[in-house]
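Here are the chains, one letter per residue:
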Amino acid sequence: MTAVRRATAEDGEACVEVLASLLDYFTPDTHDDLRHQFPTGEAWVAVDGSHIVGFALVEQRFPTTAEILFAAVRPGHRNHGIGTLLVDAALAELAAASVVLVEVKTLDASSSYKPYKATRAFWERRGFRQIDCIDPLPGWLPGDASAVYVAALEATR
Ligand SMILES: CC(C)(COP(=O)(O)OP(=O)(O)OC[C@H]1O[C@@H](n2cnc3c(N)ncnc32)[C@H](O)[C@@H]1OP(=O)(O)O)[C@@H](O)C(=O)NCCC(=O)NCCS
């Protein structure tokens, strides 16, 4: 049985381990990015027994908008609804805190790299819509175009 709860500062390294388990998705430099961003972001973890099997990290830079910087579920636990639980928990708390738009960036469909096809399908099924494609996004390799997705938590006009 997997439960989702707010992360604490002590959960950071377990979340890095989740990234490290997803070799097709996260390069080693992202581990330090997560270590750097985890303390200032808001995070939710999925816990199976006493093990963290997934997490989502959100950064809120403006009063009514936020970005999901990371979402990840261990390979053996993917496609069992855990990512949906994490995103639903994050979006519900963000909505309660008056956030109206949530962004997430992932690899664009123009890339020939196959693993992120399922990731784009995941965000689209969770209500995210692509609003831009940026190549290169600062910090990303040229040719690995970034798909920018947004979900509206309420109407803005
Ligand atoms: C993306 C991720 C966080 C989602 O978590 P999860 O626990 O696997 O997600 P869920 O089980 O809640 O849902 C998976 C959905 O993807 C669908 N899916 C899985 N593989 C798919 C594929 N190849 N093509 C289309 N859809 C696919 C499932 O059918 C399910 O869809 P539905 O429930 O809407 O019908 C997780 O899979 C993951 O860590 N992926 C690798 C890292 C990653 O891409 N992170 C996001 C970076 S932006």
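A.B. asks: How do you make sense of the site of the ligand when you look at a structure like this?
C.D. replies: Neighbouring residues of the ligand: 23 residues in total, closest G81, G83, T84, T119 and R125. Separating a nitrogen atom of the ligand from a backbone N or O atom of A71 is a distance of 2.8 Å. Between the ligand and R125, the relevant distance is 2.7 Å, taken from an oxygen atom to a side-chain nitrogen or oxygen of the residue. It is helix α4 (residues 116-125) that provides the largest number of residues to the shell around the ligand, a total of seven residues.

A.B. asks: Looking at this structure, I do not really get the pairing of strand β5 (residues 101-107). What am I missing?
C.D. replies: Burial analysis of β5 places five of its seven residues in the buried class, the great majority of the element. In terms of strand pairing, strand β4 (residues 65-73) meets β5 through four bridges, oriented parallel. Within β5, the position partnered with E67 by the bridge is E103. For the segment spanning β4, helix α3 (residues 82-96) and β5, crossover handedness is right-handed. When β5 meets strand β7 (residues 146-152), the two strands line up antiparallel, connected through seven bridges. In the sheet register, V104 faces β7, and the bridge partner there is Y149.

Reading the values: rules and limits
- Residues numbered from 1 in each chain as written.
- Predicted model: local features only at pLDDT ≥ 70, side-chain atom pairs only at ≥ 80, totals over all residues.
- Heavy atoms only, no water.
- Near = heavy atom within 4 Å.
- Polar contact = N/O pair within 3.5 Å; in protein donor to acceptor, adjacent residues only side chain to side chain.
- Helix = DSSP H or I, 4+ residues; strand = E, 2+ residues; numbered from the N terminus.
- Buried < 20%, exposed > 50% of the residue type's maximum accessible area, 1.4 Å probe, protein only.
- Pairing = 2+ DSSP bridges.
- Right-handed = clockwise from strand over helix to strand, strands pointing away.

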